[in-house]
Amino acid sequence: MTLENTFLELQAKRRSVYILGKDVKISDAELTDLIQTAIKEAPTAFNNQTVRAVILFGDQHEAAWDLVAESLKAVATSEEAFQATLEKMASFKAGYATVLFYTDTDVVKQFEEQFALYADNFYDWSEQGHGIAAYSVWLAAVTAGLGANLQHYNPLVDDKFAQAYDIPANWRLRSQLVIGSVEVEAGDKDYLADADRFRVIK
């Protein structure tokens, strides 16, 4: 199949890029608008808009990964393991910005109470909303010629981030998206056989 659809072409360009840099051609204000718009336009169940985000630039972006390193040092199994961790943190710091994705748990609870028939679903739906929002931001970054990779150091770093960025107690950290210029392209992506993933029923 030829990817003639521009959205499918955009999806095909999105990869986890781990060698990122700071050679970003758009302004912080433009990147912020891109991120905010992508999140605002991403769908959520009942349009309850449970996704929250903290966008970090410059020193704050780099400091976030120092906080992660501090948290990981406490659980490192050896000095060698921790040195490997520091190398990974350095690769994230080399990027340009970090988006911390949160879920507003108060909104989830509100909808659980307001729509009791679906109460058991709202947590799962909030996770779906987070995933769509993170993917939307990732694709938006690609449209700006940028790369990204998605990390999940929560809940290990929750308390440090909460203190550093004055995060409300009802915000639950879900992921961290690192964005930057693409310094080395990602490799090819492997796909499972269609027969193992899809069923077409007529």
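Residues numbered from 1 in each chain as written. Predicted model: local features only at pLDDT ≥ 70, side-chain atom pairs only at ≥ 80, totals over all residues. Heavy atoms only, no water.

Caption draft 1: Just the packing of aromatic side chains, in detail. Scanning all chains against the criterion turns up 16 aromatic pairs. Relative to Tyr 96, the ring of Phe 57 has its centre 6.0 Å away and its plane inclined at 70 degrees; by these criteria the two rings are edge-to-face. Of the two residues, Phe 57 sits in strand E2 (residues 51-57) while Tyr 96 sits in the loop between helix H4 (79-93) and strand E3 (97-104), which places them 39 residues apart along the sequence. Between Phe 115 and Phe 122, the ring centres sit 6.4 Å apart and the planes meet at 40 degrees, which makes this aromatic pair tilted. Every member of this aromatic cluster is reached through a ring pair, and the members are Phe 46, Phe 111, Phe 115, Tyr 118, Phe 122 and Trp 125. Here Arg 14 stacks its cationic end above the ring of Trp 138, 4.5 Å away from the centre of that ring. (Phe/Tyr/Trp six-rings, centres within 6.5 Å; stacked < 30°, edge-to-face > 60°. Helix = DSSP H or I, 4+ residues; strand = E, 2+ residues; numbered from the N terminus. Lys NZ or Arg CZ within 6 Å of the ring centre and 35° of its normal.)

Caption draft 2: Structural context of the environment of His 61. Within the secondary structure, His 61 is located in helix H3 (residues 58-73). In this structure, the C-alpha to C-alpha distance between His 61 and Ala 84, residues 23 residues apart in sequence, is 20 Å. Ignoring anything within four residues of it in the chain, the contact list for His 61 reads Lys 22, Leu 56, Phe 92, Lys 93, Gly 95, Tyr 96, Ala 97, Thr 98 and Val 178. (Contact = heavy atoms within 4.5 Å.)

Caption draft 3: Local environment of helix H5 (residues 105-114). Among the residues of H5, Val 107, Val 108 and Phe 111 are the ones counted as buried. In an axial view of H5, the angular spread of the buried residues amounts to 105 degrees, which keeps them on one side of the axis. Packing partners of the buried residues in H5 comprise E2, E3 and helix H6 (122-143). For H5, the side-chain oxygen to backbone nitrogen distance between the N-cap and Asp 106 is 3.0 Å, and the N-cap itself is Asp 104. (Buried < 20%, exposed > 50% of the residue type's maximum accessible area, 1.4 Å probe, protein only. Arc of directions from axis to C-beta. Polar contact = N/O pair within 3.5 Å; in protein donor to acceptor, adjacent residues only side chain to side chain.)

Caption draft 4: Structural context of a nonpolar patch on the surface. Together, Tyr 18, Ile 19 and Val 184 give the surface a local cluster of nonpolar side chains, amounting to about 280 Å² of exposed area. In this structure, Tyr 18 sits in the loop between helix H1 (6-13) and strand E1 (20-21). Residue Tyr 18 is classed as partly exposed on the basis of its relative accessible area, which comes to 45%. (Patch = residues over 30% accessible without salt bridge, like charges linked within 9 Å, V, L, I, M, F, W, Y side chains within 5 Å. Areas by Shrake-Rupley, 256 points an atom, 1.4 Å probe, with all protein chains shown as cover. Salt bridge = Lys/Arg side-chain N within 4 Å of Asp/Glu carboxyl O.)

Caption draft 5: Spatial organisation of unusual backbone geometry. In this model, Asn 154 is joined to Pro 155 through a cis peptide bond whose omega is 0 degrees. Tracing the backbone shows Pro 155 in the loop between strand E4 (146-151) and helix H7 (158-165). The backbone of Phe 46 sits at a positive phi, close to 60 degrees, despite the residue not being glycine. Mapping Phe 46 onto the fold places it in the loop between helix H2 (28-41) and E2. At Asp 166, a position not held by glycine, the phi torsion is positive, near 55 degrees. Relative to the elements of secondary structure, Asp 166 occurs in the loop between H7 and strand E5 (171-182).

Caption draft 6: Region of the structure containing the side chain of Ser 71. Along the chain, Ser 71 falls in helix H3. Its relative accessible area of 7% is what places Ser 71 among the buried residues. What Ser 71 contacts, discounting residues up to four positions off in sequence, is Leu 156, Val 157 and Lys 160.

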